[in-house]
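Geometric and topological summary
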Amino acid sequence: MPRRPAGHTRGRAAVLASLTVTALVGAGQPAGADSTGTDSMNRAFEQAAEEYGVPRDLLAAVGYGETHLNGHAGRPSQDNGYGVMHLVSNPVNHSLEKAAALTGESTADLREDTGANILGGAAVLRSHADALGLDTAERSDINAWYPAVARYSGAEGAVSALYADTVYTFLAQGLRATVAGGERVSVTSRPVSPDKGPLAKADVTAQSPDYPPALWVAANSANFATGRTATVDKVVIHVTQGSYAGTISWFQNATSKVSSHYVVRSSDGQITQMVRDKDTAYHAKSANASSLGIEHEGFVDDPSWFTDTMYRSSAALTTYLCDRYGIPKDRAHVIGHSEAPGNDHTDPGANWNWTYYMQLVGGSSGADGLSFGAYTTQKSGSTGPQVKAVQTLLNQQGYEAGTADGVFGSATRSAVQAFQTARGLSADGTVGPKTWTALLSAGTTPTLVTGASGDAVKRLQRSLTAALGRTVSADGAFGANTDKAVRDYQSTRGLSADGSVGPDTWAALQSGR
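All values reported here derive from a predicted model rather than from experimental measurement. (Residues numbered from 1 in each chain as written. Predicted model: local features only at pLDDT ≥ 70, side-chain atom pairs only at ≥ 80, totals over all residues. Heavy atoms only, no water.)

Observations regarding helix α10 (residues 308-325)
Here is the rule we go by: Secondary structure elements follow DSSP: runs of H or I no shorter than four residues count as helices, runs of E no shorter than two count as strands, and numbering proceeds from the N terminus. Helix span, expected: 1.5 Å multiplied by one less than the number of residues in the helix. With a 1.4 Å probe rolled over the protein chains alone, any residue whose accessible area is under 20% of its type maximum counts as buried; one over 50% counts as exposed, and the rest are partly exposed. Two residues qualify as a contact provided that any one of their heavy atoms is within 4.5 Å of a heavy atom in the partner residue.
Taking 1.5 Å per residue as the helical rise, α10 with its 18 residues ought to reach 26 Å, and the 26 Å between its terminal C-alpha atoms agrees with that figure. Within α10, burial applies to M310, Y311, S313, S314, A315, L317, T318, T319, L321 and C322. Tucked into the core, α10 has its buried residues touching β8 (234-239), β9 (262-264), β10 (271-273), β12 (291-296), β13 (334-336) and α11 (354-361).

This is the structure we're talking about:
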């Protein structure tokens, strides 16, 4: 097996960090089409394939299955994998370190340099082929590489077969991806008949015990808690920051300490359940006990993963769960990971189409742009729908935040500081719980009691969500849940806990208490 001398490096730029457009095509372009320049991704695939005797299209299909050929600027995936080829460094998978030993490249270059990363992926694939005893003739047959691809996943048994099946689906269908700089990387479609060997009987066939259309692969028992300590009242939407099979494998790893109830595949919407609905998955910190978690294959910064098939499949699951457990189909109860109280994650991110998703679920999309299940801290550099909400509220109240474009820039910061000064808050330009509470409650101050309804009740409910750090459904109806939230707020702020929202309660909210 070829091995590069330690310390040997090639001049190459750390380029092609992000995928801009991706499409699967039935009739592929010639492999390696549109290769331009020695530092192109196509050139990297060609050189790595030649050096390690790995079929070029197989190498590209593995990379596409892992990352859509997006290196994410050297940032790690959920299971600590790096680069286009997703070289991993965690307690059970050391493909990054293995690639370093085989190629002589540093782990830093393998993480951050696209050419080095692709070379490392080829070296690891070849090492698996050698361990399986593939001879020269077998290595020239793309179908013989199936067991090596399965081993590359770092998973075992049925999950490794699931991974390899995905790669061979890309080979059968062909693919074309446009990466940074406009370069196209393509794989020609072809008939495939992989030699699965012992993995031929490793298909995932068990059905979900809770959602009949889904498959069932149990998460490791160390990654969830049996039973619940709270009533299920929300669905939390996640993005895996990794591949479908890789995520399933990671949730089976006892060292990960994470899981979700369901995982959805990008290409075809296939769903695998990993934790029973009645049990508590570790996916959203303080919201774990009261929620069901759905992971979606992909990366938050790459919209190519969020296919229509994925949206529809996931929405059907969410609809089923909402109907089964009496969860309202609105944005106060179908929330993103970033909206769960106490979380510091950003998924599903700005590329997730909430309006379309909630239309498919058959509920309210939160089209007012102000109602969220949680209000997270927004500051300079933040982006997304909650920044847009901040800008909208500031503009409505006469503070010039500029265009409500969802980008927290200098104009927004200045407007936030002016608002904070006017409300007697620390003028730090950051929208935390106090500023959110004051912003959301601003306006008229009618007395509100149980049975009231309308926009003023919605303002109250939103501001209570921010002040209490828990979801109060912004449905505009002052019912029992709102009454309890009001009393909880009043008792923790030294107010008379009578459930009536009068001048004192409004004054406390509008000053950010």
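What about the nonpolar core?
What counts here: What makes a nonpolar core is a set of buried Ala, Val, Leu, Ile, Met, Phe, Trp, Tyr and Cys residues whose side-chain atoms join them at distances within 4.5 Å.
Grouped together as the largest cluster of nonpolar side chains are 70 residues, with contacts concentrated most on F45, L58, L59, L69, I118, W145 and V149. In terms of residue count, the dominant contributor to this core is helix α8 (residues 157-173) (9 residues). Setting aside residues up to four positions removed in sequence, V149 forms contacts with L58, V62, L125, Y163, A164, V167 and Y168.

Focus on the pairing of β8
Rules: Paired strands are those between which DSSP finds at least two bridges.
Among the 6 residues that make up β8, 6 are buried, leaving the element largely enclosed by the rest of the structure. Going residue by residue along β8, you find K234, V236 and H238 tucked away on one face and V235, I237 and V239 tucked away on the opposite face as well. Strand direction decides the pairing type here: β8 and β12, joined by 6 bridges, are parallel. Looking at β12, one finds that K234 is bridged to S291. Taken together, the 3 bridges between β8 and β13 define a ladder with parallel strand orientation.

Some thoughts on the packing of aromatic side chains
To keep things clear, this is the line we draw: The aromatic pairing rule takes the rings of Phe, Tyr and Trp, using the six-membered ring of Trp, and pairs them if the centres are within 6.5 Å, calling planes under 30 degrees apart stacked, those over 60 edge-to-face and the rest tilted. Comment: the charge-over-ring label is applied if NZ (Lys) or CZ (Arg) is within 6 Å of the ring centre and within 35 degrees of the ring normal.
For the structure shown, the criterion picks out 15 aromatic pairs. For the ring pair F299 and W305, a centre distance of 6.1 Å and an interplane angle of 55° mean the geometry is tilted. Each ring, one from Y311 and one from Y356, has its centre 5.6 Å from the other, and the planes form 80°; the classification is edge-to-face. On the criterion of sequence distance, the pair formed by Y311 in helix α10 and Y356 in helix α11 is long-range, its members being 45 residues apart. A relative accessible area of 21% means that Y356 is categorised as partly exposed. In this structure an aromatic cluster arises from ring pairing among F306, Y311, W352, W354, Y356 and Y357. R111 extends its terminal NZ or CZ atom over the ring of Y82, reaching a point 5.6 Å from the ring centre. A cation over a ring is seen here: R331 above W354, with NZ or CZ 3.7 Å from the ring centre.

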